[in-house]
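Okay, here's what each chain looks like letter by letter:
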Amino acid sequence: MIFVSEPKIGKDEIKEVLKSINDNWISGEGKIVSKFETKIANLTNRKYAVSVSNGSVALDLAIRSLKLKKGDEVICSTLSIISISAAIYRSGLKIVPVDCDMRTFNINVDQIEKNITKKTKAILVSHTYGLPCEMNKIIKIAKKYKLGILEDAAEMHGQYYNKKPCGSFGKISTLSFYANKHITTGEGGMILTNNYGIYKYCLNYKNLCMKKNQRFRHDDLGWNYRMSSILCALGLGQIKNLRKNLTHKINIGNHYNNLLKNNKYINLPIHKTDYATNNYWVYPIVINNNSNKTSKQLANFLVRKKIQTRPFFWPVHLQPVYLKKGMFKNKVLKNSEYLSKKGLYIPCGFTTSKSQVEYVCKMINNFFE
Ligand SMILES: *Cc1c(COP(=O)(O)O)cnc(C)c1O
């Protein structure tokens, strides 16, 4: 089977992990954790970084740290991972899903303003599949209406928007180090901020609200969201290989672009915009109006050829869990609905080879002929 992505663990990673074990540093405390946090903060131009157990709880803590009131509204893209809307919902806030752009898959900035009400307090931007959101336009809107920006940069390690690193935008940014991310520790996450209050809040709540001086007396209830030193060590090894790994993915993306550009039935991702070059976190393709086939049919065909694919995110406003609660009644967000039926992504990882790309393209072209 050719997988959509596989982690790439080499000598650097193994050396760091063995060192953490040999040095007897394995818990979620200590110098290795601090070192990993500092490296990630430097990479994203942030003052503070707080490691946590995954990207989903990073979002949970990030939203809670804003201390919004019950019923306040948070805008997000409807084409995003469930972790985002779940974090908004579980904090007692109202999810306001906005449609995405057909070509970049990011939030459609032209649709943001008409979704702003008196209760809107924040925009949660999530850069999707390889290109960052149009941050300048989003920052302008946020300033005009005095909204906070939260940035989910889980798919953007090492990516830039106009020379500014992703992970550096807004009040708080979050990262994931899940196995398919550009820096992986298997499971893991990070919260990034320049705000000391937010930093302290996250440190406290990720560690059971333990007090320094009276360790087992608690003023509040937190969680154990700590990330272990062994995983942070793995992350230190991954950081060393980030540039090399990203270059490989961009090469794979370009190879697909060349081999699929004459296929008139599919739209390919945009390689470059005026604010960024695609990092091909995944290689998404969308079946266009020249074919009435669905992405499910294409996926079923490809899996028989031993090629793994993944569907696009299912839109937030169509999630059964929210519909059951009576939310998003009669909401229609056309682009995301089209993409969820017609889009999928194909193998594009650190271990994907050029000959695998050639085989995948041949099979995709066969499907449509
Ligand atoms: C992977 C991902 C997450 C979730 O991270 P986990 O570490 O798997 O919890 C959140 N947001 C985005 C955009 C992601 O791609």
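Look up a bit, the structure's there.
Residue positions are given per chain, counted from 1 along the sequence in the order it is written. Local features in this predicted model are restricted to residues of pLDDT 70 or higher, and side-chain atom pairs are both shown and tallied only at a pLDDT of 80 or more, whereas totals for entire chains, interfaces and linings draw on every residue. Water and hydrogen atoms play no part in the side-chain values, which are based on all heavy atoms of the structure.

### Considerations on the sheet that holds strand β13 (residues 343-346)
Here the rule is simple: two strands pair whenever DSSP picks up at least two bridges between them. Runs of E in the DSSP output that reach at least two residues are strands. Runs of H or I that reach at least four are helices, and both are numbered from the N terminus. An order of β10-β11-β13-β12 is seen for the 4 strands of this open sheet, with the pairing classed as antiparallel. On the outer flanks of this sheet lie β10 (266-267) and β12 (310-311), each paired with one strand and no other. Bridge count for strand β11 (residues 283-287) against β13 is 4 bridges, and the pairing is antiparallel. Looking at β13, one finds that Tyr283 is bridged to Ile346.

### Overview of the pattern of salt bridges
Where charged atoms from two side chains of opposite charge come close, those side chains can pair. Whenever a carboxyl oxygen of Asp or Glu lies within 4 Å of a side-chain nitrogen of Lys or Arg, that contact is scored as a salt bridge. Scanning the entire structure with this criterion turns up 8 salt bridges. Linking Asp60 and Arg90 is a salt bridge whose minimum nitrogen-to-oxygen distance equals 3.7 Å. Taken together, the residues span a long stretch of sequence, with Asp60 in helix α3 (residues 55-65) and Arg90 in helix α4 (residues 82-90) at a distance of 30 residues. You can call Arg90 exposed: its relative accessible area is 53%. The partner of Glu73 in a salt bridge is Lys94, and the shortest N-O contact between them spans 3.7 Å. Of this pair, Glu73 sits in strand β2 (residues 73-77) while Lys94 sits in strand β3 (residues 94-98), and the two are 21 residues apart along the sequence. Classification of Lys94 as partly exposed rests on a relative accessible area of 46%. For each residue, the accessible area found with a 1.4 Å probe, counting protein chains only, is set against the maximum for its type, and the residue is called buried under 20%, exposed over 50%, and partly exposed in between.

### Comments concerning the site of the ligand
The environment of the ligand is made up of Asn54, Gly55, Ser56, Ile81, Ser83, Asp152, Ala154, Glu155, Ser176, Tyr178, Lys181 and Gly188. Contact between the ligand and Gly55: an oxygen atom at 2.7 Å from a main-chain N or O atom of the residue. Pairs of N or O atoms are called polar contacts if they sit within 3.5 Å, as long as, within protein, a hydrogen donor faces a hydrogen acceptor (for residues adjacent in sequence, only side-chain-to-side-chain pairs). Lys181 places a polar side-chain atom, nitrogen or oxygen, 3.0 Å from an oxygen atom of the ligand. Calculation on the ligand without its partners gives an accessible area of 380 Å², and the protein chains cover 91% of this total. Of the residues that constitute the shell around the ligand, the class distribution is 3 nonpolar, 6 polar and 3 charged. Summary of the distance rule: residues count as near a molecule or strand when at least one heavy atom falls within 4 Å of that molecule or strand. Only the protein chains shown count as cover for residues, and all accessible areas are computed by the Shrake-Rupley method using a 1.4 Å probe. For this classification, Asp, Glu, Lys and Arg are treated as charged, while Ala, Val, Leu, Ile, Met, Phe, Trp, Tyr, Cys and Pro are nonpolar and the rest, including Gly, are polar.

### Some words on empty space enclosed by the protein
Cavity and pocket criteria rest on a 1 Å grid covering protein atoms alone: a 1.4 Å probe that fits but cannot get out defines a cavity, protein on both sides within 12 Å along at least 5 of 7 lines defines an open pocket, and an atom within 4 Å of a point defines a lining residue. Grid points are joined across faces, edges and corners, and a volume is the space filled by probe spheres set on the points. Taken as a whole and judged by the stated rule, the model has 3 cavities of 30 Å³ or more. Taken as a whole, the largest cavity encloses approximately 70 Å³ of empty space. Around the largest cavity, the lining comprises 13 residues; the ones closest to its centre are Glu6, Ala179, Asn180, Lys181 and Phe350. Here the lining of the largest cavity is composed, by residue class, of 3 nonpolar, 6 polar and 4 charged.

### Considerations on the packing of helix α8 (residues 242-260) against helix α12 (residues 354-368)
In the contact formed by α8 and α12, the axes pass within 10 Å of each other and the chain directions differ by 35°. Judged by the twist between their axes, the crossing of α8 over α12 is right-handed. Every residue of α12 that contacts α8 at Ile252, His255, Tyr256, Leu259 and Leu260 is listed here: Lys354, Val357, Glu358, Val360, Cys361, Ile364 and Asn365. Considering only residue class, the contact of α8 with α12 consists of 8 nonpolar, 2 polar and 2 charged. For helices, the axis comes from a line fit to the C-alpha atoms of the stretch in contact; other axes are also lines fit to C-alpha atoms, and the angle between any two N-to-C directions lies between 0 and 180 degrees. By convention, the crossing between two helices is left-handed when the near helix turns anticlockwise from the far helix through less than a right angle, and right-handed when the turn is clockwise. Only heavy atoms enter the contact rule, under which two residues are in contact if any of them lie within 4.5 Å.

### Comments concerning α8
Taking 1.5 Å of rise per residue, 19 residues should cover 27 Å, and α8 covers 27 Å from first to last C-alpha, within 8% of that figure. The inward-facing, buried residues of α8 contact α2 (31-43), α7 (229-240), β10, β11, β13 and α12. Expected span, for any helix, means 1.5 Å times one less than how many residues it has.

### Focus: the nonpolar core
Here the nonpolar core consists of buried residues drawn from Ala, Val, Leu, Ile, Met, Phe, Trp, Tyr and Cys, with membership extended through side-chain atoms lying within 4.5 Å. In this structure, Leu61, Ile88, Ile95, Leu124 and Ile191 are the most contacted members of the largest nonpolar core, which totals 34 residues. Listing elements by their share of this core, those giving two or more residues are β1 (48-52), α3, β2, α4, β4 (120-126) and α6 (196-205). Here this core takes 6 residues from α3, the largest share from any one element. Apart from residues lying up to four places away in sequence, Ile191 is in contact with Tyr48, Ala49, Val50, Val52, Ala58, Leu61, Ile172, Ser173 and Cys202.

Geometric values such as these leave the question of function open.
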